[in-house]
Every structure is written in structure tokens, then in C-alpha cells.
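# Chain and residue survey
Each chain, letter by letter, is given below.
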Amino acid sequence: MNQPSITSSAPSTRGPADHDIRDQIVAAANEHFSQYGYGKTTVSDLARAIGFSKAYIYKFFDSKQAIGEAICSNCLGQIVAAVELAVNAEAISPTERLRRLVKTVIATGVNLFFNDRKLYDIAAFSASERWPSAQVYEEQIKRFIFDIVREGRELGEFERKTPLDETVEAIHLALRPFVNPLLLQHNLDFIDVAPTLTSNLILRSLMP
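Residues numbered from 1 in each chain as written. Predicted model: local features only at pLDDT ≥ 70, side-chain atom pairs only at ≥ 80, totals over all residues. Heavy atoms only, no water.

Where an unreviewed UniProt entry is consulted, the protein appears under the name DNA-binding protein, with the organism given as Pseudomonas koreensis.

Below, the structure written as C-alpha cells:
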């Protein structure tokens, strides 16, 4: 199986690549989206908040979605960074890596949901609309799964009969209710038991 490719999720831009101004626009959007939500915030609102003209903002971002993409990438990137830190600890087995992946992706997503709901709603919206940032996030989680399963097979911890791509896809689908921001908000009643039960189910299926 070819490893899932991770492509850039950088939003489309126009005009000069002035990172300070872009960051200023994203910061203002972040604040407005947190207060009023993505749907109720317009580019005109952001322009007034920053003191720029609407036309000037469009020199840096093609649309409101492009600004939302930048925020969404940062939002989902927090989850990816937490998972990467958890699974890449030294001297732990593939079995423990998988348990940590499941536990961390659920805990980080839930924490984001409860502590920054408006921004989480952007991530959920991006998942429903299949924004590039949401697709890249799913591919990154799938890459972690791929690496863990491949290592487990090499070390003899996991079975090798099932095609690797099929195994990775099945695990990703099993985790989807908790990985996908749109679905996670509908599964909050199970977050206390989900990490253990889901991990145990997956690991039993991987036994040699």
C-alpha cells in the first residue's frame, strides 16, 4: 500500500505574501468567529475590526472560506500535534501507540469542543463541506494508523494476513465517530468509555 499522501492545506492567497498582515486578518477572524460564529461573520465585519478595506483583505484571501481554512488548519493541527507527541514517545510498543492514538485524538477533540466551541464548529463545518483542511487532517490521522499497524506487523504483534490498506481503512472507519469533528459532537455521551472499548476492539482484531 502506498502511504496516504499529505498535501498542503494552505489557503489560496492573492497579492503580496505579507505574513504579518495575513496573521492580523486571521487573528481578527479567529476572534469574530469565536464570538459570533463562522456563518454570522462577514468579510466586511473583519475589515471593520482590523481597519482595512474589504478589497484589501481580498488581496490576501480569496474568500471567507480561505480565512476559515487557515483557522481550521490551526484548529485541527492542535489535534494532530497532540497525537504525534503521544504516539512518538520512545520505547513503547505498537499496541501502546495505538491505545495512545485513540485516547489522545478523542481527548483533544473533546477538549477543543468544550473550550472553544465556536472554533470547533468551524472544524465541524469544514468536515461537512469536505474542505481541504479537513481532508488533510483525516489523511494525517490515517498516516499515524498506517505507521503503527506496519510497525506492529514487522514486530509480530499484529496479524499479517489482511491486506494492510484494508486494515488501515477499517481502523480509520472505526475511529471516525471520534476523529471527525462533525460526528464527535454527536457521540459525546460515549467519550468516557470510547477510548478503552474502541482500542480493545481494534487490538483484538489485530491479534496474530
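Now that the structure is up, let's keep going.
## Details of the overall build of the protein
Counting its secondary structure elements, the protein contains ten helices and zero strands. The helix and strand sequence of the protein, counted from the amino end, reads α-α-α-α-α-α-α-α-α-α. Expressed as a percentage of the 208 residues in the protein, the buried residues total 46%. Pairs at least 24 residues apart make up 73% of the contacts formed inside the protein by residues separated by at least 6 positions. As displayed, the protein offers around 10600 Å² of accessible surface, 51% of which is attributable to carbon and sulfur atoms. Computing the positive centroid from 22 side-chain charges and the negative centroid from 25, the protein places the two 3 Å apart. (Helix = DSSP H or I, 4+ residues; strand = E, 2+ residues; numbered from the N terminus. Buried < 20%, exposed > 50% of the residue type's maximum accessible area, 1.4 Å probe, protein only. Contact = heavy atoms within 4.5 Å. Areas by Shrake-Rupley, 256 points an atom, 1.4 Å probe, with all protein chains shown as cover. Lys, Arg positive; Asp, Glu negative; His and termini not counted. Charge placed at Lys NZ, Arg CZ, Asp CG, Glu CD.)

## A short note on the confidence of the model for the protein
Across the protein, pLDDT averages 87, with 91% of residues at or above 70. Contacts for the low-pLDDT stretch residues 1–16, under 50 throughout, to residues beyond four places or in other chains number 41 contacts. (pLDDT = per-residue confidence, 0-100.)

## Some words on the environment of Cys75
Topologically, Cys75 is positioned in helix α4 (residues 64–87). On the basis of relative accessibility, which here comes to 5%, the residue Cys75 falls in the buried class. Sequence-distant contacts of Cys75, defined by excluding residues within four places in its chain, comprise Leu112, Leu119 and Ala123.

## Quick look at the pattern of salt bridges
A complete count under the given rule lists eight salt bridges for this structure. For Glu138, the salt bridge goes to Arg130, with nearest N and O atoms at 3.6 Å. Judged by its relative accessible area of 39%, Arg130 is partly exposed. A salt bridge links Arg150 to Asp147; its shortest N-O distance comes to 3.5 Å. Placement of both Arg150 and Asp147 in helix α7 (residues 132–154) is noted, with a separation of three residues, approximately one turn of the helix. The partly exposed category is assigned to Arg150, whose relative accessible area is 32%. (Salt bridge = Lys/Arg side-chain N within 4 Å of Asp/Glu carboxyl O.)

## A word on the side chain of Glu138
Positionally, Glu138 belongs in helix α7. Of note is the side chain of Glu138, whose polar atom sits 3.4 Å from the side chain of Asn180. Excluding residues that lie within four positions of it along the chain, Glu138 makes contacts with Arg130, His172, Arg176 and Asn180. (Polar contact = N/O pair within 3.5 Å; in protein donor to acceptor, adjacent residues only side chain to side chain.)

## Some points on empty space enclosed by the protein
Evaluation of the coordinates by the stated rule reveals one cavity of 30 Å³ or more. Here the largest cavity defines a volume of roughly 40 Å³. Together, Leu76, Ile79, Val105, Gly109, Tyr120, Tyr137, Phe178, Val179, Pro181 and Leu184 line the largest cavity. Partitioning the lining of the largest cavity into residue classes produces nine nonpolar, one polar and no charged. (1 Å grid on protein atoms, 1.4 Å probe; cavity = no way out; pocket = protein on both sides within 12 Å on 5 of 7 lines; lining within 4 Å. Points joined across faces, edges and corners; volume = space filled by probe spheres on them. Nonpolar A, V, L, I, M, F, W, Y, C, P; charged D, E, K, R; others polar.)

## Some points on the UniProt feature "DNA-binding region" (unreviewed entry) in the protein
Listed under "DNA-binding region" (unreviewed entry) in the UniProt record, and renumbered for this structure, are residues 42–61. Annotated as residues 42–61, this span is 60% helix and 0% strand, and its ends, taken at the C-alpha atoms, are 13 Å apart. (UniProt positions renumbered as here; feature names shortened; annotations may be inferred.)

## Topic: the packing of α4 against helix α6 (residues 117–129)
Two elements in contact, α4 and α6, have axes separated by 9 Å at closest approach and are oriented at 105 degrees. Looking at the two axes, α4 sits roughly perpendicular to α6. Counted together, Gly68, Ile71, Cys72, Cys75 and Leu76 of α4 and Leu119, Ile122, Ala123 and Ser126 of α6 form the full contact between these two elements. Here the contact of α4 with α6 is composed, by residue class, of seven nonpolar, two polar and no charged. (Axes fitted to C-alpha atoms, helices over the stretch in contact; angles between N-to-C directions. Parallel < 35°, antiparallel > 145°, perpendicular 65-115°, else oblique.)

## What to know about α4
Compared with an ideal rise of 1.5 Å per residue, which puts 24 residues at 34 Å, α4 spans 35 Å between its outermost C-alpha atoms and is within 8% of the ideal. The largest bend along α4 reaches roughly 25 degrees and is located at Gly77. The backbone nitrogen of Gln65 lies 3.4 Å from a side-chain oxygen of the residue at the head of α4, namely Ser63. (Expected span 1.5 Å × (residues − 1). Bend = angle between axes of the 7 residues up to and from the residue.)

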